[in-house]
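Listed here are the chains, written in short residue letters.
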Amino acid sequence: MKDNIILKRIQSFLYSFYAKDLKEARIGEVYDALVNALMQDLGIRWVESNKINNDIDTYLLSFEYNPSKFLEEVVLSLDLKDQLDDFIKDIDFSYEDLINYEKEPSLGNGDIGTAAWYLIKEFSKNKIKAMAYALRYESGSMKQEIREGKQFVNPNNWLYRGNKWEHKKSFSYILNIENRDLKSVAYDMPVINRNNKFINTLRLWKSESINKINYMNLSSGDLESVYSDYAKDNSLTQFLYLDNSNYEGKFYRLRQEYFYCVSCIQDIFRRYFKKEADIKFIGEKVNIILADIHPTQAIIEFIRSLYQGYGIELEESVNLARKVFTHIAILLTPESKEYYSMDMVKKIDSNFYEFLYILNEYCKNKYNDSIFENNNLSYKKINMYFTKNFYYLSKVYQENSEDSSKNSSYINFGIDKELYSYTNNEYFNKVLSNHNIYNIESFALDDFEDKTIFDDLDESKLLNKKNLIKKLGLENYRINPYSIFDMQLSVFHEAKRQLLNALSIASIYYKLKDNSNINFSPTSYIFSGFANDGYFMAKEVIKFILALKHMIDSDVLIKNKLKIIFIEDINVEKSKILYPACDIYSNLTLVNFDNESFNMLNSAHNFSNICSTKGGILENIAKENSIYKFGNEFIEINDVKKNYNARDFYYKDDIIRYIVDNLINEDYYRLPYNFKIIYDYLIKYNDSFFIFKDLDKLTKLRFKMSKDYLDKELWINNEIRNIIWANNFSLDKKF
């Protein structure tokens, strides 16, 4: 105990800041002291990493990041678990209590955040010095609550206790937005990894008003004018993704993006001039990566700064941008291709607005094209013409889509295996170790010739399912851990086709009702994901899934064969519990919107089977896998669209009509949802995501998977092939 340095630091901190002995301290005080104790070692590594001078400075701009809780990651990285176990003996709190006390950073909620966090972690892993930029969302992404059969959203106040892993920088920038000055303040957080001592930086921007409250207006009682600008400036970084289906929400998003991009570019220039004297060499010295569409204004601001701020000719300014910027497209849905009216842009910054017309003239003269479409600024056009590389994540999308730009190619992304697999799936990794399989990244089918491992692997999956039920508090749901756990964990969107999933479950339900002797393995369908608060159809699908759950749970003959579970408010910590318990991951995204499924790869790495449409990353790697596939190939989609008629499907397909009619005519007390809302929507928009077309294919495939599940050797061999295939995915480009 005398040699426990961490314990001594903790006690010293408690004396200094709380005047407490360790045994008297509250959990929040112990947590604060522990973080400060760990930051001493972490800070040394951070400083040493910052001293490295690369030939090229790399920057990552993303509106989202999905980091996990820092405490556990730092303890494992510093290899201090034994010392912590020693000090915990003297207090009333467990290590798990301290982990649970910490709030997970709410800086993202989807694939963009997963991709960006993986990328900056890969840079740290490979000792590539890089700076990642984000907004310091005080209320984070929305906090989802399922209540009364529908989704409710609230702010996710992850910063209400403060953030002990960040420090406020001594500098700030003054920006002018809507003819009013405000301040951009930087906060830095460490980006650590468990493989080496290298630490990169995540810099968060917070908006602050610099306008003083006018006492005379306050005295006169004009409170609205007193606080309006002050509150507007301070709330700019309050939320991630407000509803932008209306003018106010869209304008808020544009202001956020402008604030973020100008802050980043100012910081990049400041850092450049700390090492270089001549701005003309920036093309050889700086590399800026844009994770998806939101940071696009950074390209415009970069060119504008060179042209107007440093007097560089427009042609050369554009050429420098083309040397510096790389764009990675992550989302492919229509709304991910952002457009903003020029009237909105003019309100933000008239100089920025006027410069866009200069850039547009350049584009028309050079490429015979415009960056405007119907008086809207097209982010896609900016990325097409003013970046060095434009990467998609899907080979099949890049090679076949009319949407691909001339400078586009594809790039293989991996996943954070350290976070989601290697140290997360204890039971699976223990089985491998007991059978002398240590290098998961390079194992082969030959490693599994001893068939005794199959029983052990099967048992490890069962333990993971039981762990899910316990850790997520699902004991009262009477979930059968021996059933198939079939998961879909993505953001709710029509392109992700959670509706197809739900209708397939309804189809199976009615088949079992008609013939209880049908051979179908008990299956628990697990959904999780957010619906944007302004996205009508996504919220309706959640209502329908919850109503379908109610109907199945109320059916005494079926409820032991089928189960629907909805995990609300999905985050990194819950994902770490879900992936190891997954038997089948259902990637149902319509093929022409399928760029990448990080959930699918994470599930495969945790020894899962996969059900997928025939797009995404399936053709990126020419290696054998055992993925269950259904639906059309990418190249067939346009032909399908030309001849598709949803109404004909309903009237000519007996199965579709039977399912739809049953759902519409169910008594409300059994199915507490009016399914005609969804049916009318599908007919009105001609089932634009092909739910009717793929329903029978998916349902038949699920009956096949249900049969295969009973063949343990076949099932596990499939999982082995999938993890071998998934091991090929890692970052294949050096930025």
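Our subject is the structure listed above.
Here the structure is a predicted model, which is why all the values come from computation and not from measurement. (Residues numbered from 1 in each chain as written. Predicted model: local features only at pLDDT ≥ 70, side-chain atom pairs only at ≥ 80, totals over all residues. Heavy atoms only, no water.)

**Student:** Could you give an account of the sheet that holds strand 16 (residues 523-528), with specific residues and numbers?
**Tutor:** Pairing is parallel across the open sheet formed by six strands, whose spatial order is 17-16-15-18-19-20. Either end of the sheet is taken by a strand with one partner, and the two such strands are strand 17 (562-567) and strand 20 (628-633). Within this sheet the neighbouring strands show an average axis-to-axis angle of 20°, counted without direction. In terms of strand pairing, strand 15 (residues 484-488) meets strand 18 (residues 584-587) through two bridges, oriented parallel. Considered in strand 18, the bridge of Asp486 is made with Ile584. Where helix 20 (residues 498-514) meets the sheet, it contacts strand 15, strand 16, strand 17 and strand 20, and its direction lies at approximately 160° from that of strand 16. (Pairing = 2+ DSSP bridges. Helix = DSSP H or I, 4+ residues; strand = E, 2+ residues; numbered from the N terminus. Axes fitted to C-alpha atoms, helices over the stretch in contact; angles between N-to-C directions. Contact = heavy atoms within 4.5 Å.)

**Student:** Provide a residue-level description of the sheet that holds strand 12 (residues 376-378), including the pertinent values.
**Tutor:** Reading across the sheet, the three strands line up as 10-12-11 and stay open at both edges, with antiparallel pairing between neighbours. Unpaired on one side and paired on the other, strand 10 (339-341) and strand 11 (372-373) mark the two borders of the sheet. Bridge count between strand 10 and strand 12: three bridges; the pairing is antiparallel. In the sheet register, Ser341 faces strand 12, and the bridge partner there is Asn376. Sitting on the sheet, helix 15 (residues 379-386) is in contact with strand 10, strand 11 and strand 12, with an inclination near 40° to strand 12.

**Student:** How would you explain helix 27 (residues 676-684) if you had to name every residue and give the values?
**Tutor:** Three or more residues of helix 27 are buried, namely Ile678, Tyr679, Leu682 and Ile683. Viewed along the axis of helix 27, the buried residues span an arc of 135°, placing them on a single side of the element. Structurally, helix 27 contributes buried residues whose contacts are with helix 20, helix 21 (536-553), helix 25 (646-652), helix 26 (654-665) and helix 28 (691-709). Two residues or fewer after helix 27 comes Asn686, characterised by a positive phi angle close to 55°. (Buried < 20%, exposed > 50% of the residue type's maximum accessible area, 1.4 Å probe, protein only. Arc of directions from axis to C-beta.)

**Student:** Describe the environment of Ala130, naming the residues involved and giving the relevant values.
**Tutor:** With respect to the helices, strands and loops of the structure, Ala130 is situated in strand 2 (residues 130-135). Taking C-alpha positions, Ala130 is 38 Å from Ala25, a pair spaced 105 residues apart along the chain.

**Student:** Report on the packing of aromatic side chains, specifying residues and quantitative values.
**Tutor:** With the rule as written, the count across this model stands at 46 aromatic pairs. For the pair Phe269 and Phe302, a centre-to-centre distance of 5.6 Å together with 10° between the ring planes defines the contact as stacked. In this pair, Phe269 is assigned in helix 9 (residues 247-273) and Phe302 in helix 11 (residues 297-309), connecting sequence segments 33 residues apart. We note that Phe269, like Phe302, is buried. Seen in terms of ring centroids, Phe302 and Phe325 are 5.2 Å apart; in terms of plane orientation they differ by 85°. Their pairing is edge-to-face. In this pair, Phe302 is assigned in helix 11 and Phe325 in strand 9 (residues 325-328), connecting sequence segments 23 residues apart. Here Phe302 and Phe325 have matching classes, each one buried. An aromatic cluster is built from Phe269, Tyr272, Phe273, Phe302, Tyr310 and Phe325, whose rings are joined through pairwise contacts. In this structure, Arg270 is placed above the aromatic ring of Phe171, and the distance from its NZ or CZ to the ring centre is 4.1 Å. One cation-aromatic arrangement involves Lys465 over Phe485; the distance from NZ or CZ to the ring centre is 5.0 Å. (Phe/Tyr/Trp six-rings, centres within 6.5 Å; stacked < 30°, edge-to-face > 60°. Lys NZ or Arg CZ within 6 Å of the ring centre and 35° of its normal.)

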